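# Working through the structure, step by step
Here is what each chain is made of, one letter per residue.
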Amino acid sequence: MVGQVANAKKALNKKNFKKLFFSFSGAMLIVSLFLFSGELSIRADATNVVPGAKHANDNTGEAISEITSDDSAVNPDTLSAVVASDGAYTVDKSAVMQFTTFDVSAIPGSSTITGAVLHLQYGAENGYSGSNSIRYDNGAGLTNTSITPTDITGFSADQSYNLFTAGVDTISEIQNLDIEFTNNDGAGADAIHFDYLWITVTYTPPVTTLGDGTDPGNSTIAPGASATDLDSLILSL
Ligand SMILES: [Ca+2]
Ligand SMILES: [Ca+2]
Ligand SMILES: [Ca+2]
């Protein structure tokens, strides 16, 4: 009887040990996956690139600073006129909004672009009946995106269009890209108001590799380079 109890206890301990071991391994696996994905996210650099200059076609009368922040408190359903400093870039009936460069200064020079997505938010004055889409020009003329403002209520949710898969995949193309919208409202004179518009760019910065035995003091590190491997480092004071 005593022996049976001892054996049963042993079996129980074994079972518990197994249970404990597997839950511990499971936890470690989750922890390592977490650490690994953390490392990946550190290397995926991203920045929002805002319009840098207006095209000569732009006759809205608005300032670029109106469209670089998600900050407008206007009521887009009732706002009918261009108002300076209200945080909305207003495109009245028959007016043209067109940006001809984007400010890529935050992206290190030799980076590899891995994504470029246009993001914007708009509102429409009640009665707007235009049909034009937001267009982009990557050198081949103005081309429709899939974003077409309609007479919604309030400001829209974030609207996005994948420029990268449309061929905008270098720093220079992003910098020189045109984004355009012409208000072709019909009867009445109803405006489209943009709160923000930018391109979210993801990129891999340049990597500088120093050969073994190279004196780092004699090397030039590419601006924005990310160190990925270091055999040894000697500091001379
Ligand atoms: Ca304004
Ligand atoms: Ca509306
Ligand atoms: Ca704004």
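Now for a description of the structure that goes with this document. Just so you know, these numbers come straight off a predicted model, no measurement behind them.

## Quick notes on the overall build of the chain
Tallying secondary structure elements over the chain gives two helices and 10 strands in all. Secondary structure elements of the chain, listed N to C terminal, follow the sequence α-β-β-β-β-β-β-β-β-α-β-β. Counting only residues that meet the buried cut, the chain has 25% of its 237 residues in that class. For the chain, restricting intrachain contacts to residue pairs at least 6 apart in sequence, the fraction spanning at least 24 positions comes to 78%.

## Here we look at the sheet that holds strand β2 (residues 51–54)
What the five strands build is an open sheet, ordered β2-β4-β9-β6-β7; its pairing is antiparallel. With one partner strand each, in any of the chains shown, β2 and β7 (143–144) form the two edges of the open sheet.

## So, the nonpolar core
Grouped together as the largest cluster of nonpolar side chains are 35 residues, with contacts concentrated most on Ile174, Ile192, Phe194 and Ile199. When residues of this core are traced back to their parent elements, those giving at least two are β3 (89–91), β4 (96–102), β5 (112–124), α2 (171–176), β9 (178–182) and β10 (192–204). Looking at which element gives the most residues to this core, the answer is β10, with eight residues. If we ignore the near neighbours within four places in the chain, the residues touching Phe194 are Ile67, Ala88, Tyr89, Leu120, Gln121 and Tyr122.

Thresholds applied
- Residues numbered from 1 in each chain as written.
- Chains lettered and ligands numbered in written order.
- Predicted model: local features only at pLDDT ≥ 70, side-chain atom pairs only at ≥ 80, totals over all residues.
- Helix = DSSP H or I, 4+ residues; strand = E, 2+ residues; numbered from the N terminus.
- Buried ≥ 20, exposed ≤ 12 C-beta atoms within 10 Å, placed from the backbone.
- Contact = placed C-beta atoms within 7 Å.
- Pairing = 2+ DSSP bridges.
- Core = buried A, V, L, I, M, F, W, Y, C linked by C-beta atoms within 7 Å.

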